[in-house]
Amino acid sequence: MSGGRHYLPLTDAERQEMLAAIGADSVEQLYDELPPAIRLKDGLKLPPPLSEMEALAHLSELAVKNRHLREYPCYLGAGVYDHFIPSVVQYLTGRSEFSTAYTPYQAEISQGLLQSIFEYQTLICRLTGMEAANASLYDGATSLAEAAVASCGATRRRKVLVSRAVNPYYRQVLQSYLQAREFQLEELPLLKGETDYARLEMMLDDETAALLLQQPNFFGLLEEMEGVAEVAHRHGALLVLSVDPISLALCRTPAEYDADIVTGEGQALGNPPSFGGPLLGFFAARQKLLRRIPGRIVGETRDNQGRRGFVLTLQTREQHIRRERATSNICSNQALNALAAAVYLAALGPAGLREVAGLCLQKAAYAREKITALDGFEQAFPGVHFKEFAVRLPGTGERLNRHLLEHKIIGGLDLQPYYPELGPAMLFCVTETKSRAQIDALVRALEGWS
Amino acid sequence: MRKEQALLFELGAPGRRGCSLPQPDLPVKPLDELLPPERQRKSALKLPEVSEGELVRHYTALSTRNYGVDSGFYPLGSCTMKYNPKVNEEAARQPGFAFLHPCQPAESVQGALELFYRTESYLKEITGMDRVTFQPAAGAHGELTGMMLIRAYHSSRNDQRKIVLAPDSSHGTNPASAAMTGYKIKELPSDERGLVDLKALRELLNEEVAALMLTNPNTLGLFEEDILEIAALVHDVGGLLYYDGANLNAIMGHARPGDMGFDVVHLNLHKTFATPHGGGGPGSGPVGVKEHLAPFLPVPLVEKGESGYYWKDDLPLSIGKIHGFYGNFGVVVKAYIYLVMMGAAGLRQAAADAVLNANYLMERLKRSYTLPYDRRCKHEFVLSAREQKKKGVSAGDIAKALLDYGFHPPTVYFPLIVEEALMVEPTETESKKTLDRFAEALEEIARLVEEDPEHVTTAPHTTPVGRLDEVRAARKPRVCWEGDEKSD
Ligand SMILES: Cc1ncc(COP(=O)(O)O)c(C=O)c1O
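Each value, and the rule that gives it
- The residue count restarts for each chain, going from 1 along the sequence in the order it is written.
- Following the order in which they are written, the chains are lettered starting with A and the ligands numbered starting with 1.
- With pLDDT at 70 or above as the cut-off, local features in this predicted model cover only qualifying residues; side-chain atom pairs require 80 or more to be listed or tallied, and sums for whole chains, interfaces and linings still use all residues.
- Here the side-chain values reflect all heavy atoms present in the structure, with hydrogen atoms and water set aside.
- In this analysis, strands are considered paired if DSSP registers two or more bridges between them.
- Here a helix means four or more residues in a row that DSSP labels H or I, a strand means two or more in a row labelled E, and each is numbered from the N terminus.
- Note on contacts: a residue pair qualifies if any of its non-hydrogen atoms lie within 4.5 Å across the two residues.
- Buried area, as used here, totals the accessible surface that two parts lose on assembly, with accessibility defined by a 1.4 Å probe and the loss added over both.
- One side-chain nitrogen of Lys or Arg within 4 Å of one carboxyl oxygen of Asp or Glu is enough to make a salt bridge.
- Under the rule applied, a polar contact is a pair of N or O atoms within 3.5 Å (in protein, one hydrogen donor and one hydrogen acceptor; residues adjacent in sequence only if both atoms are side-chain atoms).
- Polarity classes work like this: nonpolar for Ala, Val, Leu, Ile, Met, Phe, Trp, Tyr, Cys and Pro, charged for Asp, Glu, Lys and Arg, and polar for all others, with Gly in that last group.
- The start and end points of each domain follow an automatic or database-based domain assignment.
- Note on ring pairs: Phe, Tyr and Trp rings are taken, using the six-membered ring of Trp, and paired if centres are within 6.5 Å. Classes follow the plane angle, with under 30 degrees stacked, over 60 edge-to-face and the rest tilted.
- Buried, partly exposed and exposed residues are distinguished by accessible area as a fraction of the type maximum, computed with a 1.4 Å probe on protein chains only: under 20%, between the cut-offs, and over 50%, respectively.
- Charge-over-ring contacts are defined here by two conditions on Lys NZ or Arg CZ: a distance within 6 Å of the ring centre and an angle within 35 degrees of the ring normal.
- The span expected for a helix works out to 1.5 Å for each residue beyond the first.
- The convention used is that axes are lines fitted to C-alpha atoms, helices contributing only their stretch in contact, and that angles between N-to-C directions extend from 0 to 180 degrees.
- With a 1 Å grid laid over protein atoms only, a set of points is called a cavity when a 1.4 Å probe fits there but cannot get out and a pocket when it is open yet has protein on both sides within 12 Å along at least five of seven lines; lining residues have an atom within 4 Å of a point.
- Grid points are joined across faces, edges and corners, and a volume is the space filled by probe spheres set on the points.
- Only a single heavy atom is needed: when it lies within 4 Å of a molecule or strand, its residue is near that molecule or strand.
- What sets the accessible areas is the Shrake-Rupley method with a 1.4 Å probe; for residues, cover comes only from the shown protein chains.

As for the sheet that holds strand E11 (residues 411–412) of chain B
Residue and element names in this part refer to chain B.
So, point 1. Read from one edge of the open sheet, 3 strands run E10-E12-E11, paired in antiparallel fashion. In this open sheet, the two strands that pair with only one neighbour each are strand E10 (381–384) and E11.
So, point 2. Both E11 and strand E12 (residues 421–424) contribute to a ladder of 2 bridges, which runs antiparallel. Pairing of Thr411 across the sheet is with Met423, part of E12.

Things to note about the interface of chain B and chain A
So, point 1. With 206 residues of chain B at the interface, the matching set in chain A holds 192 residues.
So, point 2. Surface buried jointly by chain B and chain A totals about 17,400 Å² across both partners, of which 63% is contributed by carbon and sulfur atoms.
So, point 3. On inspection of chain B and its partner chain A, the count reaches 14 salt bridges.
So, point 4. The partner of Glu224 of chain A in a salt bridge is Arg39 of chain B, with the nearest N and O atoms 3.6 Å apart.
So, point 5. Run the count over chain B and chain A and you get 96 residue pairs in polar contact (both at pLDDT 80 or more).
So, point 6. Broken down by element, the side of chain B that touches chain A gets its largest block of residues, 27 residues, from helix H12 (residues 329–365) of chain B.
So, point 7. Here the side of chain B that touches chain A is built from residues that sort into 108 nonpolar, 53 polar and 45 charged.

Concerning the domain arrangement of chain A
All names here are of chain A.
So, point 1. In terms of domain boundaries, chain A breaks down into domain 1 (87–343) and domain 2 (350–446).
So, point 2. Centre-to-centre separation of domain 1 and domain 2, based on C-alpha positions: 28 Å.
So, point 3. Each side of the interface is counted separately: domain 1 has 22 residues, and domain 2 has 24 residues.
So, point 4. For the pair domain 1 and domain 2, the summed buried surface comes to about 1,900 Å²; carbon and sulfur atoms form 70% of the total.
So, point 5. Three residues stand out in domain 1 for area buried against domain 2, namely Phe219, Ile246 and Leu250, and they jointly supply 28% of the buried area on that side.
So, point 6. Across the pair Lys387 and Asp244 runs a salt bridge, and its minimum N-O distance is 2.8 Å.
So, point 7. There are 8 residue pairs in polar contact (both at pLDDT 80 or more) connecting domain 1 and domain 2.
So, point 8. The greatest single-element share of the side of domain 1 that touches domain 2, amounting to 3 residues, is contributed by helix H7 (residues 168–181).
So, point 9. Of the residues assigned to the side of domain 1 that touches domain 2, the class counts are 14 nonpolar, 3 polar and 5 charged.

Section: the packing of aromatic side chains
Working definition: an aromatic ring pair is given by the centre-to-centre distance plus the angle between the planes.
So, point 1. Taken as a whole, this structure holds 31 aromatic pairs over all chains when the rule is applied.
So, point 2. Ring geometry for Phe116 of chain B versus Phe134 of chain B: centroids 5.2 Å apart, planes at 40°, classification tilted. Here the residue Phe116 of chain B occupies a position in helix H5 (residues 110–127), and Phe134 of chain B occupies one in the loop between strand E1 (131–133) and helix H6 (139–156), the gap between them amounting to 18 residues. Side by side, Phe116 of chain B and Phe134 of chain B carry an identical accessibility label, which is buried.
So, point 3. Arranged with centres 4.1 Å apart and planes meeting at 20°, the rings of Trp311 of chain B and Tyr326 of chain B form a pair that is stacked. Residue Trp311 of chain B is found in strand E9 (residues 308–312), and its partner Tyr326 of chain B is found in the loop between E9 and H12; the two are separated by 15 residues along the sequence.
So, point 4. By relative accessible area, Trp311 of chain B is classed as buried at 18%.
So, point 5. An aromatic cluster of at least three residues, connected via ring pairs, comprises Tyr169, Phe275 and Tyr418 of chain A together with Phe97, Phe116, Phe134, Trp311, Phe325, Tyr326 and Phe329 of chain B.
So, point 6. Here Arg67 of chain A stacks its cationic end above the ring of Tyr72 of chain A, 5.9 Å away from the centre of that ring.
So, point 7. Positioned above the aromatic ring of Phe9 of chain B is the side chain of Arg126 of chain A, whose terminal nitrogen or guanidinium carbon lies 4.4 Å from the ring centre.

Section: helix H5 (residues 111–128) of chain A
Residues and elements named next belong to chain A.
So, point 1. With 18 residues, H5 extends 25 Å between its outermost C-alpha atoms, agreeing within 8% with the 26 Å of an ideal straight helix rising 1.5 Å per residue.
So, point 2. With 18 of 18 residues buried, H5 lies mostly within the body of the structure.
So, point 3. After H5 finishes, the residue Gly129 shows a positive phi value of roughly 85°.

Examining the sheet that holds strand E1 (residues 132–133) of chain A
Residue and element names in this part refer to chain A.
So, point 1. A sheet is described by the order of its strands in space; here 7 strands give the open sequence E1-E9-E8-E7-E6-E2-E3, paired in mixed fashion. Two strands close off the open sheet at either side, each with one partner strand: E1 and strand E3 (184–188).
So, point 2. One ladder, built from 5 bridges, connects strand E8 (residues 261–265) with strand E9 (residues 281–285); its direction is antiparallel. Looking at the pairing, Gly264 lines up with Phe282 of E9.
So, point 3. Sheet strands touched by helix H6 (residues 140–155): strand E2 (159–163), strand E6 (208–215), strand E7 (238–243), E8 and E9. Its angle to E8, the strand with the most contacts, is close to 165°.
So, point 4. Packed onto the sheet, H7 meets E2, E3, E6, E7 and E8 and runs at close to 155° relative to E3.

A short note on empty space enclosed by the protein
So, point 1. Throughout the structure, instances matching the rule amount to 10 cavities of 30 Å³ or more.
So, point 2. Considering only enclosed or pocket space, the largest cavity measures out at about 200 Å³ in volume.
So, point 3. Lining the largest cavity are 20 residues, and of these Tyr81, Gln214, Pro216, Val243 and Asp244 of chain A lie nearest its centre.
So, point 4. Of all the secondary-structure elements, those providing two or more residues to the lining of the largest cavity are E6, E7 and E8 of chain A.
So, point 5. Class assignment of the residues belonging to the lining of the largest cavity gives a composition of 8 nonpolar, 8 polar and 4 charged.
So, point 6. Looking at which domains feed residues into the lining of the largest cavity, each of domain 1 (87–343) and domain 2 (350–446) of chain A gives three or more.
So, point 7. By volume, the second largest cavity amounts to about 110 Å³.
So, point 8. For the second largest cavity, the full set of lining residues is Phe116, Tyr117, Glu120, Val132, Thr133, Phe134, Gln135, Pro300, Leu301, Val302, Trp311 and Tyr326 of chain B.
So, point 9. Mapped by element, the contributors of at least two residues to the lining of the second largest cavity are H5, E1 and strand E8 (301–305) of chain B.
So, point 10. Sort the elements by how many residues they give to the lining of the second largest cavity and H5 of chain B lands first, with 3 residues.
So, point 11. In the lining of the second largest cavity, the residues fall into 9 nonpolar, 2 polar and 1 charged.

Digging into the site of the ligand
So, point 1. Near the ligand there are 15 residues, and of these Ser332 of chain A together with Ser78, Gly139, Asp244 and His270 of chain B occur at the shortest range.
So, point 2. Neighbouring residues of the ligand are not confined to one chain but are distributed across chains A and B.
So, point 3. In the environment of the ligand, an oxygen atom lies 2.7 Å from a nitrogen or oxygen atom belonging to the side chain of Ser332 of chain A.
So, point 4. Protein contact buries 99% of the 390 Å² of open area that the ligand shows by itself.
So, point 5. Looking at the shell around the ligand, its residues break down into 5 nonpolar, 7 polar and 3 charged.

Some words on the pattern of salt bridges
So, point 1. Enumeration over the complete set of coordinates arrives at 64 salt bridges over all chains.
So, point 2. With a shortest N-O distance of 2.9 Å, Asp226 of chain B and Arg193 of chain B are connected by a salt bridge. Taken together, the residues Asp226 of chain B in the loop between strand E4 (209–215) and helix H9 (227–236) and Arg193 of chain B in the loop between strand E3 (184–188) and helix H8 (198–204) connect sequence positions 33 residues apart.
So, point 3. Residue classification places Arg193 of chain B among the partly exposed positions, given a relative accessible area of 22%.
So, point 4. Residues Arg364 of chain B and Glu443 of chain B are paired through a salt bridge, measuring 2.8 Å at the closest nitrogen-oxygen approach. Taken as a pair, Arg364 of chain B in helix H12 and Glu443 of chain B in helix H15 (residues 432–451) lie far apart in primary sequence, 79 residues in all. Accessibility classification places Arg364 of chain B together with Glu443 of chain B in one group, the buried group.
So, point 5. Look at the salt bridges and you will find they share partners, linking Glu17 of chain A together with Arg364, Lys432, Asp436 and Glu443 of chain B into a network.

A few points about the domain arrangement of chain B
For an interface, size is often stated in terms of accessible area lost upon the parts coming together.
So, point 1. Considered domain by domain, chain B is made up of domain 1 (8–63), domain 2 (86–341) and domain 3 (351–474).
So, point 2. Taken over C-alpha atoms, the centre of domain 1 of chain B sits 42 Å from the centre of domain 2 of chain B.

Notes on the pairing of E10 of chain B
Residue and element names in this part refer to chain B.
So, point 1. Alternating positions in E10 separate into two faces, Phe381 and Leu383 on one and Val382 and Ser384 on the other, with burial throughout.
So, point 2. Relative to E12, E10 runs antiparallel, the two being bridged by 4 bridges. Looking at E12, one finds that Phe381 is bridged to Val424.

Some details on unusual backbone geometry
So, point 1. Looking along the chain, the bond that leaves Gly277 of chain A and enters Pro278 of chain A is cis, with omega of 5°.
So, point 2. As for its placement among the helices and strands, Pro278 of chain A is situated in the loop between E8 and E9.
So, point 3. Note the cis peptide between Ala459 of chain B and Pro460 of chain B, where omega equals 0°.
So, point 4. Relative to the elements of secondary structure, Pro460 of chain B occurs in the loop between helix H16 (453–457) and helix H17 (470–475).
So, point 5. Even without glycine at this site, Ser78 of chain B takes up a positive phi of about 80°.
So, point 6. Looking at the element boundaries, Ser78 of chain B is found in the loop between helix H2 (52–64) and helix H3 (86–93).
So, point 7. Of note in this structure, Thr80 of chain B is not a glycine but carries a positive phi near 45°.
So, point 8. When you line up the elements, Thr80 of chain B lands in the loop between H2 and H3.

Shown next as structure tokens:
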């Protein structure tokens, strides 16, 4: 029969015994109340089942059809990053007491997860400078969309202003979320790859719930944001920043820009890129917004003997209590990815995280210099870069990527579909995982291409 | 004496570290040159400073204070806590899946696209739907996507409907998801059978109704046997029927939502298809639709062409994107290998065993607890502790008492229409012996309620911490640790 037979412990004898105990003659009888018209007579039409050995071989055949990042150096970023993951991360998150548990509803036998989430929340607060964080959301894109919705709730306003320098994928998700609610979304234009803040006063009005920015922005530029929060706040709008957590080891924190809500993609913290999921949406906010935060939150408490312990808290925000009046519909989140992030941050510590961020900064700068020194390759924007940078190309990005693939290199992101106004351009990302030799090989592959 | 576990922040010592990184292999520029001082972080970066060994001991200690499916029986109703095969993990961990970037050119990720395509074929056949998107990262995300699809469908017909119906027994995410799409929610009452009240449904239905959200079997574990009539009634007023697939495990291979008249379906791969819940996630909530809703699906979709698989982006009526990339691919890999191994007969057997296990336990437990809806159940059933409550013992107390027997308790206080609800879902991966031992524990607790109720109301007695004060946690929330670091 099926290759998954060994997941089903009941023997035929036991089935018979159990059927007898419930007064049924056959398993078929257990489905008696289903209308005959919908009962599947011939069963499902699926391929014949495979044994474990065959199934693994089949999956490996699919896997080897892919060119992966351990095989071909990859210069893609755009929200998903190739950072080094210490072995200890996979080892600890693989412990099945964590990985095979459900959401920790029963606190007394879930202290491991609850404490680890509390620690994760604390780590996110320390990185961002915020006072409260949740237990995770699906990804950086939905986290930003949830922040926009939360801002509309907090300010009782219906308009959101987003910079065109925010990740275009995130803006698409934002658009879907806001459109469903009939909230309005307006776009703040670009000026030389950065948000055009000269337009800010004009576009903010007393209907604007929030200003959504990304730091470093989609082009890897650290925007000059001094005073931006003050302008937003003067109009009664919240400042929401989507940030790269690795950058925060070196760069000014969202709190230091006086942001109200901070969101971002936490995949870079110990999670493999996994073809874009599972990722890790983090969400942190000022204390005053605590009750607007979507999703699970763990809080500290005491047990009946006064010992420290942790529970899911502030649940009156959530769907299982509030139903249609909940702050969000989120139920399952990305808990195991949050655990990976916590282990990663603890393994690296302050010195390690600063080193990773520093290596990104140095290597991206090295690559940027070398690439933009080539004929036909021009730095798209001036400004302060972190680990990504945009380059204008002598030919289309699509063609260039095909050329690089022939050199066993996965190139950068073709910007044309998202920013046609730039002409042929590519967004490169360089992290600590790229050696100088690899970067030099990339530069050689680019040289003379047009 | 049971001890507290130190926090990460209470471990370690300044200068200690848990990981090494390479020295720069290229000329290094001064930091201030690359990052002007005014853009640099001002506040101290207060992360833990622990050795790798300390880190491993910390999380190992935490893991011993946690309970998963691998630890023991986990009959958490509505959550389908079946055994998670280990081969799934090995398959998904391969670098050819785990180390793919979502923006790679399609020609370099043909195996990943093929995997999406093949999984879609399986799910289409299992549900009876015509197209599937994998973008939703969990069940609730699938509901939100489904509601957006329904809204887009009606809008495309210049039909601005305002109302979504959901049963009073429905999961909280149903009304919450409908509200996130701007719908007004009306609650559909259940009748004395525990099924949709057809009379009430007729009264609530009109041309303002965009959709009815239904779980089938419903959250009482009962099959909505009037489903064909319900579908006809909803469709007659131009509404659509939404299927919350949380309970698909009961009917896989026996019946399909598509044949029942559902227009949109979400599945929970982390329930029905054996991927682990990860302590709360990641899950995966693919959404399947009938042909008439396919033009509205999120972009991109996987297609198979002459020269291989590709992403189809040009869907002019699409609701857009609802996830940054393609959803939780890593979870889809695990579900796919499960499907490949189970096949049609295996899935059908799994569903039947899940239903048999539930009925077996129900028959036994209804002698000690109230069974408010006494009919054949599907994969789960809901008991009420209302008799125990009269003795001062609540469903929540009974759940805590079960912890001392080494079991994870059932879901409590859901669905909301059952007083003192205990919702039991054993799944197919449990043996008769486990079910018997669990029943014995619940029977013993029922006896204790009579003889020594205080023992139950003060439970648990053997867990790493005693009963935790949730009221205190919510009254003065501490969601981020602010204490001083201590060194060891
Ligand atoms: C009936 C029902 N619907 C929806 C959901 C939400 O699913 P998820 O947690 O994957 O978002 C659940 C999860 O518990 C459920 O039981």
